[in-house]
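Given next are the chains, with one letter for each unit.
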Amino acid sequence: MTHRLNIKRIWSGAAVAGLLSLLIAAPSAYPEAYIGGQIGTTLAGNTLKSVSLTDFSPEGSMSDRDLAKSALFGLKVGYYFPRARWFGIETEFYQTNPHIKQQNTRISIPPGSILKDFGTVGGGTAEGVLSGDYFRVRTWVPVNFMFRYHKTRLQPYLGFGPGIFMAHIKTTATGFEGVQDTTSIGFNVKAGLEYFITRHLSAFGEWKHNRTTFKFDPNNSGGFGFQANYNPHFIAFGLNYHF
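What you are looking at is a predicted structure, and each value in this text was computed from that prediction instead of being measured. (Residues numbered from 1 in each chain as written. Predicted model: local features only at pLDDT ≥ 70, side-chain atom pairs only at ≥ 80, totals over all residues. Heavy atoms only, no water.)

1. What to know about unusual backbone geometry
So, step 1. In this chain, S57 is followed by P58 through a cis amide linkage whose omega measures -5°.
So, step 2. By secondary structure assignment, the location of P58 is in the loop between β3 (56-57) and β4 (60-62).
So, step 3. For S50, which is not glycine, the phi dihedral falls at a positive 50°.
So, step 4. Take S50: it is sitting in strand β2 (residues 47-53). (Helix = DSSP H or I, 4+ residues; strand = E, 2+ residues; numbered from the N terminus.)

Put into structure tokens, the structure is as follows:
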């Protein structure tokens, strides 16, 4: 019995040692350029914050607008420099549809405000259920500055860079129906883990966070003018091909 236990311990120890060696083996000859695809989701709790109604002067305000969870689809292309293998650059593009939920909403208008194209209106606060709106965001990060620990197969990494955020909204509230588009500049940050399955194929999982401010101007397209902070969180997974 003791002999069998010792054999099991030897095999168990060998298996653990083999797994650890697989995880920490340095991929010193792995290629440094890569292209990848990613899928993921927005996380619960994302909202449009600090909403101001820009059709009024002085501006009115609206309570935060909760966003629905949405799938994320995208692509990325990157390169790590051979003389500083811990540092690289990456560009990525992804799309989400975090539609604005139907929800209880509070709207406040300062007394004596001027409503564009209508003149002076009475101020006050109103609260009620506001219908949801279709909402799409396409994000392009021209350059993420990437930092990684490159000496093992399992590589933690961190990246950040400027983002270009292209938003499309279709308003469904009665009397304000319309379609609006806007583009803004903001910030993107990410952190994740990448594992080299082979010399040319790796899998990754990462958290992302965006920060920007959207300003929607209805012009002649309907809807209503408003400005809001957009600061979502995402989880994404994917595969990279290295060459």
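2. Describing the pairing of strand β6 (residues 71-81)
So, step 1. The side-chain alternation of β6 yields one buried face, formed by L72, G74, K76, G78 and Y80, and one unburied face, formed by A71, F73, L75, V77, Y79 and F81.
So, step 2. Bridging between strand β1 (residues 33-42) and β6 involves nine bridges; their strand directions are antiparallel. Bridging across to β6, G36 finds its partner in K76.
So, step 3. Pairing between β6 and strand β7 (residues 84-96): ten bridges, direction antiparallel. Looking at the pairing, Y79 lines up with I89 of β7.
So, step 4. If you look at the hairpin formed by β6 and β7, you'll find two residues sitting between the two strands. (Buried < 20%, exposed > 50% of the residue type's maximum accessible area, 1.4 Å probe, protein only. Pairing = 2+ DSSP bridges.)

3. What to know about the pattern of salt bridges
So, step 1. Tallied over the full model, the rule gives eleven salt bridges.
So, step 2. The residue R65 makes a salt bridge to D133 at a minimum N-O spacing of 3.2 Å. Taken together, the positions of R65 in strand β5 (residues 65-66) and D133 in the loop between β11 (124-130) and β12 (134-148) put the pair 68 residues apart, joining distant regions of the chain. For the residue pair R65 and D133, the accessibility class agrees, reading buried in each case.
So, step 3. We note a salt bridge from K190 to E206, for which the minimum N-O separation is 3.1 Å. You can see K190 sitting in strand β14 (residues 178-196) and its partner E206 sitting in strand β15 (residues 201-216), a full 16 residues away along the chain. Comparing K190 with E206, the two get one shared label, buried.
So, step 4. A network of salt bridges, in which partner residues are shared, links K76, E90, E92, K190, E206 and K208. (Salt bridge = Lys/Arg side-chain N within 4 Å of Asp/Glu carboxyl O.)

4. Things to note about the environment of F118
So, step 1. Counting through the fold element by element, F118 comes out in the loop between β9 (114-115) and β10 (119-120).
So, step 2. Taking the C-alpha atoms as reference points, F118 and F56, 62 residues apart in sequence, are found 9.9 Å from one another.

5. Thoughts on the confidence of the model for the chain
Reading fine detail from the predicted coordinates is not recommended where pLDDT is low.
So, step 1. Chain-level statistics for the chain give a pLDDT mean of 86 and a share of 84% at 70 or above.
So, step 2. Under a pLDDT of 50 for its full length, residues 13-23 has, in the predicted model, six contacts with residues more than four places off or in other chains. (pLDDT = per-residue confidence, 0-100. Contact = heavy atoms within 4.5 Å.)

6. A short note on a nonpolar patch on the surface
So, step 1. A surface patch of nonpolar side chains, amounting to about 750 Å² of accessible area, comprises Y79, F81, W86, I89, F145, F147, L158, F160 and F187.
So, step 2. Those elements that place two or more of their residues in the nonpolar patch are β6, β7, β12 and β13 (154-171).
So, step 3. Tracing the backbone through its elements, the reader meets F160 in strand β13. (Patch = residues over 30% accessible without salt bridge, like charges linked within 9 Å, V, L, I, M, F, W, Y side chains within 5 Å. Areas by Shrake-Rupley, 256 points an atom, 1.4 Å probe, with all protein chains shown as cover.)

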